[in-house]
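# Overview (structure and organization)
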Amino acid sequence: MTLTPEAPATAAGSPVGRSVRRKDGDLILTGHGAYLDDIEFPGSVLHAALLRSPHPAARILRMDTSAAQARPGVRVVLTGAEAAAATQPIPHFYNPAMVGGRSTDFHPLAVDTVHYAGEPVAAVVAESLHEAQAALRDIVVDYETLPFVLDAEQALAPEAPRVFEGWEDNAVARLPFMEGDATAALAGAPHTLTGEISIQRYQTTPMETRGYVAAWSPDGRLTMHASTQNPHPLRSHLAQVFGIGEHQVRVVATRLGGGFGHKFHSYPEEALVALLARRAGAPVKWLESREESLLVGAREYLHRFEVGFDAEGTILALQDRILANVGALGSSGGWAQAFVAGLTVPGPYKITHYDVEVAVVATHKAPWNGARGFGKESATLMMERVVDLVAQRLRMDPAEVRRRNLIPADAMPYWTAMKHIDSGEYHAVLEEVLEAADYEGQRAEQTTARAHGRLLGIGIGFELAPEGADLAGSLVRGHDTATVRIDRTGGATVLTGVTSPGSGNETGIAQMVAAELGIGVDDVRVVQGDTDLCPYGYGNFSSRSLTVGGAAAVLAARDVRATLAQAGAHLLKTRVEDCSFADGHLIDTASGQRLPLPEVVNAVMTLGGVGLGIDESQLESTRTYSPENVHLVPDEAGRVSVYPSYAYSAHVATVEVDRETGKVTVLSYTGVHDCGTVINPMFVRGQFLGAIAMGIGGALWEESVYGADGRLRSDSLKRYLVPRAPDLPWIETRSRETPSPFALLGVKGGGESGVSGAIGAIANAVNDALLPLGVHVHEMPLSAPRVLRALTDQRIRP
Amino acid sequence: MIRTALRHHAPGDLEEAAALLAAHGERAAVVGGGTVLVPSLTRGERDLDHVVDLRRLGLDELSGTDQELRIGASVSYADVLSAPPFPGAAQLLQVAAGGITGGPQIRNQGTVCGSASYANPSSDMPGVLVALGAQMHLHGPEGGRTLPAGEFFVDAFRVAARRGELLVAVSVPTRPDRIGYYKFKLAEGSWPIATASAVLPDPDGSLTGATVTLGAVSAVPLRLDLAPLLDGNGDLAVPAAEVDGWVAAQVPEPWDDELAPGDYRRTVAGVVLRRALQRAEENR
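Residues numbered from 1 in each chain as written. Chains lettered and ligands numbered in written order. Predicted model: local features only at pLDDT ≥ 70, side-chain atom pairs only at ≥ 80, totals over all residues. Heavy atoms only, no water.

Each helix and strand counted, chain A has 20 helices and 28 strands in total. Here the C-alpha radius of gyration of chain A, 27 Å, is about what a compact globule of 798 residues would show, namely 28 Å. With the C-alpha coordinates aligned to their principal axes, the bounding extent of chain A is approximately 95 × 70 × 55 Å. Considering chain A as a whole, with its 798 residues, one finds that 64% of them fall into the buried category. The contacts in chain A between residues at least 6 apart in sequence include a share of 79% that link residues at least 24 apart. Of the accessible surface of chain A, which amounts to about 27,300 Å², a share of 51% is contributed by carbon and sulfur atoms. Positive and negative side-chain charges in chain A, numbering 68 and 92 respectively, have mean positions lying 3 Å apart. (Helix = DSSP H or I, 4+ residues; strand = E, 2+ residues; numbered from the N terminus. Rg over C-alpha atoms; globule rule 2.2 N^0.38 Å. Buried < 20%, exposed > 50% of the residue type's maximum accessible area, 1.4 Å probe, protein only. Contact = heavy atoms within 4.5 Å. Areas by Shrake-Rupley, 256 points an atom, 1.4 Å probe, with all protein chains shown as cover. Lys, Arg positive; Asp, Glu negative; His and termini not counted. Charge placed at Lys NZ, Arg CZ, Asp CG, Glu CD.)

What follows concerns the domain arrangement of chain B. One widely used convention gives an interface's size as the accessible area the parts lose upon coming together. We note that the domain assignment places domain 1 (7–51), domain 2 (62–173) and domain 3 (180–282) within chain B. Measuring from the centre of the C-alpha atoms in domain 1 of chain B to the corresponding centre in domain 3 of chain B gives 35 Å. (Domains from an automatic or database assignment.)

Attention shifts here to the environment of A:Thr192. Residues and elements named next belong to chain A. Looking at where threonine 192 falls in the secondary structure, it is placed in strand 8 (residues 191–199). The spacing of threonine 192 and valine 777 is 585 residues in sequence and 20 Å in space, taken between C-alpha atoms. When sequence neighbours within four positions are dropped, the list of residues in contact with threonine 192 reads Leu186, Glu306, Val307, Gly308, Phe309 and Arg393.

Another aspect to go through is the pattern of salt bridges. Residue and element names in this part refer to chain A. A full pass over the atoms with the stated rule returns 68 salt bridges over all chains. Residues aspartate 480 and arginine 544 are paired through a salt bridge, measuring 2.6 Å at the closest nitrogen-oxygen approach. Taken together, the positions of aspartate 480 in strand 19 (residues 480–486) and arginine 544 in the loop between strand 21 (524–528) and helix 16 (545–572) put the pair 64 residues apart, joining distant regions of the chain. Across the pair, exposure class does not vary: aspartate 480 and arginine 544 are buried alike. Residues joined in a network through salt bridges with shared partners are Arg52, Arg210, Glu269, Glu288 and Glu292. (Salt bridge = Lys/Arg side-chain N within 4 Å of Asp/Glu carboxyl O.)

The next thing to look at is the sheet that holds strand 4 (residues 113–114) of chain A. Residues and elements named next belong to chain A. The strand order 4-2-6 describes an open sheet built from three strands, whose pairing is antiparallel. The outermost strands of the open sheet, each flanked by one partner alone, are strand 4 and strand 6 (140–145). Strand direction decides the pairing type here: strand 2 (residues 58–64) and strand 6, joined by six bridges, are antiparallel. By the bridge assignment, isoleucine 60 is partnered in strand 6 with tyrosine 143. (Pairing = 2+ DSSP bridges.)

The following block contains the structure:
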């Protein structure tokens, strides 16, 4: 069945498409929005603290916990061996074996061997956090340190120390993505160029870090309150780890102060906190410190590319060899971003011959978890630099090279090896951003500035953001489920399987349901995150909350509406087709008669099945929406597509480089994006702005730096620089709506758009600024020391 | 969460404070605003048994004579900023205080003397105090003594306080020097990568007698006398590249951390020096 976009029944006055204020916005702003650490639990809650390995690679020879055990207030001290004996291995969020890769088992605590500095090796539960943390230093661990490797390239060398015992080498997987014949097309191309670009390890720094509170009730039931993005999959995973029925586990995802992929489940601490609570016989709470939070990695890639093109700037072929340093793998599934990095190439461009291989490499750094962009940022950075390098070689304007290579609107939907792109007007959005940024005017100003010796650069970034992933075989799928019920006061309750990372999607879902039922957004309550209340769903990932969670709620609301219309037709003695819903009323459009919705609801609930001409007396429906445009079975050309929706955006950044210090200042920024039909423009803009800020931060400052000792040095927000308001320019945004023909209401994912485009635009702008000096910087982030090094190298060149 | 059992002392006079610090040595620390000490205890980076709180010592004086300003150990950056404009060279302190990273939360808590005692190379105060030739007033079991700032900063995170001594105040001169401050940092949240405090004493506006003190580029502030760069009129006689080269040569062991390597700091040292001079010139 193909669902066609359908305007909600009450288009006039519909809250869809309006910047409705966030339902819980006032609560949050006034400090009344409770996050995990604010929740008061009944009884006394014990506190957990984790001892983490100071060594990146070591064997644990002996552990003596007796002194810690004897400390006042200490209830439980747990070692890795004890934890492993009490649990099944933690299920992988995405098991590399799914794509033919190597895998291994992970446990709540390191058992014999430590794989990264910061890996938890023991845990303490005490009556106070103070006592728990104080006891850590009384745990004696004898380590035999082992050789370690931090760099992906070195990790692939035959003599490199292995991260995991028994692995032939440190490659987790080698993933090919190809179409056409890149080798032949490169050989035949009139021009070719090669290059290398790397993107650093960095993460998303959610304002609220992770945390879990676990409690076992006397009947053997586990309840976990978790700052997580995936409550239902976490429930499945906890049931598996403890070998109990899933119905014996309740997970409540609390209000999140940011998710970004950092709070995908499958961390070792989830099962660990539950195990500690079981051992302690009391509720146990653990909150991730900022230092612990900063361990989580993502995005460390090196691209080696070769591109073939003709004199007109048409790109004929592309080869890209990607090295992804995913750290010590872990069960948390972050490595899968390397898969997406390969899949995303060649982005929004019509390049028919390409050959991409991603080497996913394990090293002794802490494992990755998801990070907004999910690999797309790396592919975008490479593609956007490639386009600019082609322009530079041909002395063409980079905008013109994009015009010549973007997939034309009339070619949509468009197949690549791994993507079936739903829709898009790339050329129109490019022109719009150029116009909004006054690109031509800025180029003229740049000429003047350059004449005065200023290093002013303008960069374009064009981003394709595949969203809504449906990876069969993993713990998360693309579909989701919602229940909608209407009550006797005319209000609706939505129980949904998708959760909010703090983005406001509950308000978006309320808008969609309110539009279907003709009631106010305030009359809709959206319940998320509680596995005892909500239907099974996959929570928050891949920007799919409205595309599938919202769509499922719309389908369920339409069921309820259909019952109401049947009843209303009977009550008003009119035809069902003439019944519409608005302002909390059922309206007979033929006669203009109106019935307050509560009256219709009451009639159904009191007379349904008896005197209303309807069989149904239940005003509740549960529906699952599976994204269209997912192709998991290869077609005759061997093509599959795991992403149903393809948002995209175009960016123009203008920067100035301080010639003497290398410091980059972003002078202006313009972004235009298209995520299909927009439910709430304010939220979409908020997501876009946040993503651009995250992209700029990653392009210029954020970096997880490791020392030669294998320990993370960027362990506080003074050593890991997240942009603050004065670091950013005013960001001008516009949006365009090209509905997806495959999605209910035409909605596409909007939560990640902007990160990748911003990285590409800033990288191009900085390199454009350096162009007159004949140097480039292809090592991210473009921090002042790196940029100055490039300038200095240029100065000492003969 | 602070992991050790910590005894909090709030002595009422300096003798008691000095006696506590002397008695407990390495196991005790002074807490002023706590912006550095408390987070380091919370993160388990420091391990103490005693903290000696300054709050009852009455060290919140901010007073002046016609020659100097005295800033007590409890005077916060916010106090410095809300005071009337400091006269003469002392104004440098206010300029630098206005650029302290961390917003009102840090400026309301953090103190000039606390920052000096912490002696983090990547911070504003050490360089500013050395530039001004500040006098550091210490009090210990043997009573009070005063050290010039240039002798107070011994090494990274190390000052010339003896066992039992605490910094009770700093005095900065109010001579009518022109001053210029330039702080270079990578981003708003960054510690300074290099700072330069220019002090120009010549009333006729030349650079005769001028010094520029570099902060954050080495373990302790470097106070540079510009004489080798000046011509007979007290004007800068050499081109910028030469200034930079000369300055770099004055930084044999640059400070190195995760935000910026040592060679970078050495390279930009001359740049920040010239920019501080330019600001001082603009203050004419």
